[in-house]
Amino acid sequence: MPTKKESTPKKKERLSRIITELRQHYPEPRIALDYSSPFELLIATMLSAQCTDERVNQVTKALFKKYRSPNDYIAVPQEELEQDIFSTGFYKAKAKNIQSCCTRLLADFDGEVPQTLEELTSLAGVGRKTANVVLSHCFDIPGVVVDTHVTRLVNRMGIAEGEDAVKLEFALMKLMPSEVWRDFTHLMIMHGRAVCSARSKPKCAECPVAADCPKLL
DNA sequence: AACTCGGGGCA
DNA sequence: TGCCCAGAGTT
């Protein structure tokens, strides 16, 4: 069922309408990302792998009272950190990566969080997604975070095709209205959970952007 | 490109 | 019980 390819300007226009509508529908973006420092956001995002942001918030609430600096994370045995982040899953790998990451922050970056994609992804446990979250939300550097929600939704909405996260990232950067890249992922996630869901059937009857969805045309 | 780490939520 | 979750590293 190869539908005719939509032109880039049309896609841009449609994406812009979708985002405008979603912004009105989901009025409070970035709740889950309201951390007090780049370092806290970095740790929280590292913990978020294959784990909901609600759980990450729950865990970090206690975690950030106990650990306030890179030094605090490497001052405890790995097993202790594992217990403190246990319920986020993948706790052994995450604890190891966090300690390794903190060691390098102290050794190579004067204990601060670096501000380039290359430096961030050179840290243990920090990949493209985590790096883009930190860059876009802490340092106001344009970047599109491609996660499972974004991948699912842009495919369903016919904005971009495929599963390759890097390809989707570049495709979306070209289509993204310049003023919205910062909220894009959050809007996709809110919408993905509430309406355009992965597990249960999408609730298309309640969808605020159904008029722009090729699935329903 | 496929596989592994992994507890937790939800259908 | 089975599938999925604001991923990243290794082979």
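Residues numbered from 1 in each chain as written. Chains lettered and ligands numbered in written order. Predicted model: local features only at pLDDT ≥ 70, side-chain atom pairs only at ≥ 80, totals over all residues. Heavy atoms only, no water.

Points about the protein's contact with DNA strand B
What surrounds DNA strand B is the set Gln50, Arg55, Phe86, Ser87, Thr88, Gly89, Phe90, Tyr91, Lys92, Ala93 and Arg199. Sugar and phosphate atoms represent 47% of those atoms of DNA strand B found within 4 Å of the protein. A distance of 3.5 Å is found between a phosphate oxygen of DNA strand B and a backbone nitrogen or oxygen belonging to Tyr91. The contact in question runs from a phosphate oxygen of DNA strand B to an N or O atom on the backbone of Ala93, over 3.3 Å. Considering each element in turn, the surface near DNA strand B owes the most residues, three residues, to helix H6 (residues 91–108). (Near = heavy atom within 4 Å. Polar contact = N/O pair within 3.5 Å; in protein donor to acceptor, adjacent residues only side chain to side chain. Helix = DSSP H or I, 4+ residues; strand = E, 2+ residues; numbered from the N terminus.)

Examining the packing of aromatic side chains
Aromatic rings in a pair are described by how distant their centres are and how their planes are angled relative to each other. Scanning the model with the defined rule gives three aromatic pairs in all. Look at Phe39 and Tyr73: their rings are 5.7 Å apart centre to centre, the planes differ by 70 degrees, and that puts the pair in the edge-to-face class. Residue Phe39 is found in helix H2 (residues 38–47), and its partner Tyr73 is found in helix H4 (residues 70–74); the two are separated by 34 residues along the sequence. For Phe39, a relative accessible area of 10% puts it in the buried group. Between Tyr67 and Tyr73, the aromatic rings sit 4.6 Å apart at their centres with planes inclined by 15 degrees, giving stacked as the arrangement. Residue class for Tyr73 comes out buried when judged on its relative accessible area of 0%. Here the aromatic cluster, defined as three or more aromatic residues joined through ring pairs, consists of Phe39, Tyr67 and Tyr73. (Phe/Tyr/Trp six-rings, centres within 6.5 Å; stacked < 30°, edge-to-face > 60°. Buried < 20%, exposed > 50% of the residue type's maximum accessible area, 1.4 Å probe, protein only.)

A few points about the packing of helix H1 (residues 8–25) against helix H11 (residues 184–194)
The contact between H1 and H11 brings their axes to 10 Å, and the two run at 70 degrees. For the element pair H1 / H11, the angle class is roughly perpendicular. Crossing hand, H1 versus H11: left-handed. Between H1 and H11, the contacting residues are Leu15, Ile19, Leu22 and Arg23 on the first element and Phe184, Leu187, Met188 and His191 on the second. (Axes fitted to C-alpha atoms, helices over the stretch in contact; angles between N-to-C directions. Parallel < 35°, antiparallel > 145°, perpendicular 65-115°, else oblique. Left-handed = near helix turned anticlockwise from the far one by under 90°. Contact = heavy atoms within 4.5 Å.)

Here we look at the protein's contact with DNA strand C
Residues in close proximity to DNA strand C total 26 residues, the closest being Gly125, Gly127, Thr130, His149 and His186. For DNA strand C, a phosphate oxygen lies 2.3 Å from a polar atom in the side chain of Thr130. Of all elements in the fold, only helix H8 (128–138), helix H9 (148–156) and H11 reach the threshold of two or more residues within the surface near DNA strand C. Residue contributions to the surface near DNA strand C peak at four residues, all from H11. Grouping the amino acids of the surface near DNA strand C by side-chain chemistry returns nine nonpolar, ten polar and seven charged. (Nonpolar A, V, L, I, M, F, W, Y, C, P; charged D, E, K, R; others polar.)

Here's the deal with the domain arrangement of chain A
Domain assignment breaks chain A into domain 1 (8–29 + 144–216) and domain 2 (32–138). On a C-alpha basis, the centroid separation for the pair domain 1 and domain 2 is 27 Å. Taken residue by residue, the interface counts ten residues in domain 1 and eight residues in domain 2. Buried surface at the junction of domain 1 and domain 2, both sides included, amounts to about 910 Å², of which 49% is carbon and sulfur. Our count for the domain 1 to domain 2 interface comes out at three salt bridges. Salt-bridge contacts for Arg193 lead to Asp53; the nearest nitrogen and oxygen are separated by 2.9 Å. Applying the counting criterion to the domain 1 and domain 2 interface returns three residue pairs in polar contact (both at pLDDT 80 or more). Of all the elements, helix H10 (residues 165–175) adds the most residues to the side of domain 1 that touches domain 2, at three residues. Here the side of domain 1 that touches domain 2 is composed, by residue class, of six nonpolar, no polar and four charged. (Domains from an automatic or database assignment. Buried area = accessible area lost by both parts, 1.4 Å probe. Salt bridge = Lys/Arg side-chain N within 4 Å of Asp/Glu carboxyl O.)

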